[in-house]
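Residue strings, one per chain:
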Amino acid sequence: MFDPTTAALIRAAPPLEGLDLDNLPKLLTEAFADIVSARIRLRGAPADAEDEALVATVTELRRIAAAHEAYAALLPDRENRASAAFVAASAHQAIALALRKAQATSHVDMAAVSSDVCATLLFLLAEAHADASEAAKRIVPAGDAGPIERALLLAIRSLAQGRLGELVANDEPEIDTDGDDLALRALDALRLLLLRGVTNLARQLRLRVDLLPEAGGVVPASELFAQVRALASEPIDGVGVEEETLLSLYPGPLHLANLLLGLEGDLLGTALSRIPTPGGVDENGWWQTLRRMARQRPYLWRNHREAIEKGYLEQGVSSAISFPTGGGKSTLAELKIATALLRGERVIFLAPTHALVGQTQRALKNTFQDYSILADVDEDVGIGDVVVLGEVTVMTPERCLMLLSVDTDAFTDLGLIVFDECHLLHPREDDRSRRGLDAMLSILNLTRVAPSADLLLLSAMMKNTQEIAGWVAFLTGRQCLTLDLSWKPTRQVRGCVVYPAEQITALKDVLAQARIDYPDHDKPPVGVKNALLAQPFGLFSLLQTWSTTDRSDYALLQLLADGKLLSSGRSRGGNWYLTPNGNETSGAIAAAAASAGMKTLVFVQTTVFCESCVKRYPARLGATKIALNEDEQKWRTLAEEEMGGASYCYMKLAADGDRQPSCAAAARGARAARKPVSPS
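These figures come from a predicted structure and were not determined experimentally.

Rules and cut-offs
- Per chain, residue numbering runs from 1 following the sequence as it is written.
- Under the rules for a predicted model, residues below a pLDDT of 70 receive no local features and side-chain atom pairs below 80 are neither given nor counted, while totals for whole chains, interfaces and linings still include all residues.
- In computing side-chain properties, one takes all heavy atoms of the structure into account and sets aside hydrogens as well as water.
- Helix and strand definitions follow DSSP, with helices as H or I runs of at least four residues and strands as E runs of at least two, each counted in order from the N terminus.
- Here the term buried applies to any residue with accessible area under 20% of the maximum for its type, exposed to any over 50%, and partly exposed to those in between, with areas from a 1.4 Å probe on protein chains only.
- For this analysis, residues touch if any pair of their heavy atoms sits within 4.5 Å.
- The protein chains shown are the only cover counted for residues, whose accessible areas, like all others here, come from Shrake-Rupley with a 1.4 Å probe.
- A patch consists of residues whose relative accessible area exceeds 30% and which take part in no salt bridge; residues with like charges are grouped when within 9 Å of each other, and nonpolar side chains (Val, Leu, Ile, Met, Phe, Trp, Tyr) when within 5 Å.
- Salt bridge, as applied in this entry: a Lys or Arg side-chain nitrogen positioned within 4 Å of an Asp or Glu carboxyl oxygen.
- Residues scored as charged are limited to Lys and Arg (positive) and Asp and Glu (negative), so that His and the chain ends carry no count.
- In plain terms, the charge of a residue is placed at NZ if it is Lys, CZ if Arg, CG if Asp and CD if Glu.
- To estimate the expected span of a helix, count its residues, drop one, and scale the result by 1.5 Å.
- Two strands pair under a simple rule: DSSP has to find at least two bridges between them.
- Here an angle of 0 to 180 degrees is reported between the N-to-C directions of two axes, which are lines fitted to C-alpha atoms, with helices fitted over the stretch in contact.
- For Phe, Tyr and Trp, where Trp contributes only its six-membered ring, two rings pair if their centres lie within 6.5 Å, and the inter-plane angle classes them as stacked under 30 degrees, edge-to-face over 60, or tilted in between.
- In this analysis the charged atom, NZ for Lys or CZ for Arg, is taken to sit over a ring once it is within 6 Å of the ring centre and within 35 degrees of the ring normal.
- pLDDT measures the predictor's confidence residue by residue and takes values from 0 up to 100.
- Here the word oblique covers every angle except those under 35 degrees (roughly parallel), over 145 (roughly antiparallel) and from 65 to 115 (roughly perpendicular).
- The sense of a crossing depends on the near helix, which, turned anticlockwise from the far helix by less than a right angle, makes the crossing left-handed and, turned clockwise, makes it right-handed.
- In this count, Pro and Cys sit with the nonpolar residues alongside Ala, Val, Leu, Ile, Met, Phe, Trp and Tyr, while Asp, Glu, Lys and Arg are called charged and the others, Gly among them, polar.
- Take the buried residues of types Ala, Val, Leu, Ile, Met, Phe, Trp, Tyr and Cys, join any two whose side-chain atoms come within 4.5 Å, and each joined set is a nonpolar core.

## Observations regarding the overall build of the chain
Counting its regular elements, the chain contains 23 helices and 21 strands. Taking the principal axes of its C-alpha atoms as reference, the chain extends roughly 95 × 95 × 60 Å. Looking at the 680 residues of the chain, the share that counts as buried comes to 48%. Partitioning the intrachain contacts of the chain with sequence separation of at least 6 by distance along the chain shows that 71% fall at a separation of at least 24. Approximately 33500 Å² of the chain is accessible, and the part contributed by carbon and sulfur atoms is 52%.

## Some points on a negative patch on the surface
There is a patch of like negative charges on the surface, built from Asp176, Asp178, Asp180 and Asp181. Positionally, Asp176 belongs in the loop between helix H8 (164–169) and helix H9 (182–205).

## Thoughts on the environment of Gly470
One can find Gly470 in helix H18 (residues 465–476). Residue Gly470 is classed as partly exposed on the basis of its relative accessible area, which comes to 39%. With ten residues separating them in the primary sequence, Gly470 and Cys480 have C-alpha atoms 7.0 Å apart.

## Remarks on H18
Over its twelve residues, H18 runs 16 Å from end to end, which matches the ideal 16 Å to within 8%, given 1.5 Å per residue. For H18, the secondary structure elements touched by its buried residues are strand E3 (318–322), strand E8 (454–459) and strand E9 (480–484). Following H18 by one or two positions, Gly477 adopts a phi angle in the positive range, close to 75°.

## Considering the sheet that holds strand E10 (residues 495–498)
Here we have three strands laid out as an open sheet, ordered E10-E12-E13, and antiparallel in their pairing. A single partner strand is all that each edge strand has here, and the edge strands are E10 and strand E13 (554–558). With direction set aside, neighbouring strand axes in the sheet form an average angle of 25°. Note that E10 and strand E12 (residues 537–541) share four bridges and pair antiparallel. Among the inter-strand pairings, Gly495 is bridged to a residue of E12, identified as Phe540. Each of E12 and E13 touches helix H2 (residues 24–41); the most contacted strand, E13, lies at about 10° to it.

## Quick look at helix H3 (residues 52–74)
The end-to-end C-alpha separation of H3 is 33 Å, in line with the 33 Å expected for 23 residues at 1.5 Å each. The set of residues buried in H3 consists of Leu54, Thr57, Val58, Leu61, Ile64, Ala65, His68, Glu69, Tyr71, Ala72 and Ala73. Contact partners of the buried residues in H3: H2, helix H4 (81–98), helix H5 (115–125) and helix H11 (251–269).

## So, the sheet that holds strand E5 (residues 373–375)
Here seven strands make up an open sheet; going across it, the order is E5-E6-E4-E7-E8-E3-E9 and the pairing parallel. This sheet does not close on itself; its edge strands, each paired only once, are E5 and E9. Strand after strand, the sheet turns through a mean of 15° between neighbouring axes, direction not considered. Sheet topology places E3 next to E8; four bridges connect them, and they run parallel. Looking across to E8, one finds that Ser322 is bridged to Ser459.

## With respect to the packing of aromatic side chains
Per the counting criterion, the structure on display carries four aromatic pairs. Aromatic pair Phe2 and Phe86: ring centres 6.3 Å apart, planes at 75°, arrangement edge-to-face. Of this pair, Phe2 sits in the segment before helix H1 (4–11) while Phe86 sits in helix H4, and the two are 84 residues apart along the sequence. A residue is classified by how much of its surface remains accessible, and Phe86, at 2% relative accessible area, is buried. When the centroid spacing of 5.7 Å and the interplanar angle of 70° are considered together, the rings of Phe86 and Phe123 count as edge-to-face. Taken together, the residues Phe86 in helix H4 and Phe123 in helix H5 connect sequence positions 37 residues apart. Phe123 shares its class with Phe86; the two are buried. Members of the aromatic cluster, connected to one another through ring pairs, are Phe2, Phe86 and Phe123. Lying over the aromatic face of Tyr312, Lys336 brings its terminal NZ or CZ to 5.6 Å of the ring centre.

## Concerning the pattern of salt bridges
As enumerated under the stated definition, the model contains 23 salt bridges in all. For Glu149, the salt bridge identified is with Arg191, shortest N-O distance 3.7 Å. Taken together, the positions of Glu149 in helix H7 (residues 147–160) and Arg191 in helix H9 put the pair 42 residues apart, joining distant regions of the chain. Arg191 sits in the buried class, given a relative accessible area of 6%. Here Glu334 ties to Arg297 by a salt bridge, and the two come within 2.5 Å at their closest N and O atoms. Here the residue Glu334 occupies a position in helix H14 (residues 329–342), and Arg297 occupies one in the loop between helix H12 (283–294) and helix H13 (302–309), the gap between them amounting to 37 residues. Owing to a relative accessible area of 25%, Arg297 belongs among the partly exposed residues under this scheme. Three or more residues joined by partner-sharing salt bridges are found here, namely Glu127, Arg302 and Arg305.

## Brief notes about the environment of His426
Here His426 lies in the loop between strand E7 (414–419) and helix H17 (435–449). In this structure the C-alpha to C-alpha distance between His426 and Gly436, which are ten residues apart in sequence, comes to 5.8 Å.

## Topic: the environment of Pro251
When you line up the elements, Pro251 lands in helix H11. Assessed through its relative accessible area of 35%, Pro251 is described here as partly exposed.

## Focus: the confidence of the model for the chain
Residues at a pLDDT of 70 or more form 91% of the chain, whose mean pLDDT is 87. Between residues 669–680, whose pLDDT stays under 50, and residues either more than four places distant or in other chains, the model counts 48 contacts.

## What to know about unusual backbone geometry
With phi around 55°, Glu421 is a residue other than glycine that occupies positive phi space. Its location among the elements puts Glu421 in the loop between E7 and H17. Even without being glycine, Asn581 reaches a positive phi, approximately 55°. Examined against the element boundaries, Asn581 turns out to sit in the loop between strand E16 (576–579) and helix H21 (582–595).

## Focus on the packing of helix H16 (residues 397–406) against H17
In contact at an axis separation of 8 Å, H16 and H17 are set at 45° when each is read in the N-to-C sense. Looking at the two axes, H16 sits oblique to H17. Crossing handedness for the pair H16 and H17: left-handed. Seen from H16, the contacting residues are Pro397, Glu398, Cys400, Leu401 and Leu404; seen from H17, they are Arg435, Asp438, Ala439, Leu441, Ser442, Asn445, Leu446 and Val449. Grouping the constituent residues of the contact of H16 with H17 by class yields eight nonpolar, two polar and three charged.

## Here we look at the nonpolar core
Of all hydrophobic cores here, the largest spans 85 residues; its most connected members are Leu121, Leu122, Leu159, Val198, Leu205 and Leu256. Leaving out residues up to four positions away in the same chain, Leu121 has contacts with Ile156, Leu256, Leu259, Leu260 and Leu263. If you look at the next biggest cluster of nonpolar residues, it comprises 42 residues, including Ile308, Phe349, Val357 and Leu481.

Next comes the structure, spelled out in structure tokens:
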């Protein structure tokens, strides 16, 4: 589940009695797998139904979360604070997954802070921004929450999700001074100070440098958080025995202030708006570019900062980047493109398909609104014509080769050549197309025409990044960085469906005997087919890969409460053999997962299988009614008007007209997929 980089971060957590740090990544992975399998297994059970193994898992996770959260909040200067924060947040996340009851609401009350808020801030402390954004989705204020508490919770959610403009634009609520409950008014005063601190932190993240309030800056968030910490814990004079100090505490605001105090400095260090201006780039133009980019992506990840520290943005430095999907390649690419544009140079962006060309053009237009971003060039251009490139031109390698043959001079003022999906430079052995050859010729010709241009090669599938970087350095005669990364911003517990060997052996014997008993049948009789039941289990890898044969690296967990039908096939010799009946089993697991509140995506082999699975899905789960809210009802009405009536709409509603009896959808692509979506 955890990549090597994240596993190392977890193992660096503070040593606690009874906790094996070396095996902690595996323990957390097994906890996630155990929780998921238990939720699937207990689907349809009463909300208070308990599974002993699940209860034990959650109890252990709560101990881990509490200890590491206290460490991260109270010891902000310790080197392994980020590790403690990540472990605590991961444990909180697993506990939330284990709770099958209705979504609990978030709170910051006098005594405590809800775990979803803590998990969000702890992930930010650990610089796990993608995890923080995901955890923030669970921050949902209660319907009866006061305006200040609601504003504070939503501000923390916006901070984690990078919506800083929205956060600072919100009006500040006022304390109800007419209330008789002094304790509640004091609590609201602390919440208001925390809200101001979060808002000021968002303002600081949007500034190029810190300024004093009188110079146009803001009061540092740390001052406000420190003020809350002081007010939330005050000694009570004149009470208690001698040499004993009693405190008046507001533990909830105090804990939140401690978490936020530890977060401020680290978060400011990740601000995209504070990237130093590269050499040869106009300061004001750089600031305007960063400000626009920061509206969508205000935070730099650790791999971004490491690349910048190595000189990635400087002129004359090329790079070969192999980050996994979602690893932040686009952010780095846009920053490098910005430096070329601000130096007055043109950029060629090579993408292997027309679909990716269009997608890339749209993304770059959103960031570089003051520049001409072209996708390909006029297809009617011919020999002898003058080719006019945009300041950024996105095209396929084949198109680039053609334009180079028409007007070489159009490419002489290039400052940067970007090649996305650059692994296509090395074609597969069975690839008979010219794509790899054309891609290589494009790179060679572009570097010949524009020898001073930097190269930026991007891929999520490049294993020999260092070798490619060496080739680029040889080609250009200049430095080329190797930016390779095993870290992934997302994690999955990987498993496969298996069956007890003794059950499979027994079923094979049943089929063999049935073949003897029914020699004239093409297929097994219905009675035999219905007897082909086996209990599915999940074999989960506790590591990121299936690279070991050590039993302790795997977990075997029951997936469903009862056996599921397997199927049979017939060999050329006429014998019957056992088949897994994969669509039936996957459908049963998907329905169980959906009924347990987990959205599920299932891939099947053909569109025929896809449609068949979707049609059978409602019968597996039953009629689950979901009330449409006001906005959804408006969209539904608009869809009916557009299509000409409710009968032409894909989603069918119940007779009352405002409820949805089931939710299963088929998606077709290179492979067909279906997506049963649970009520939520």
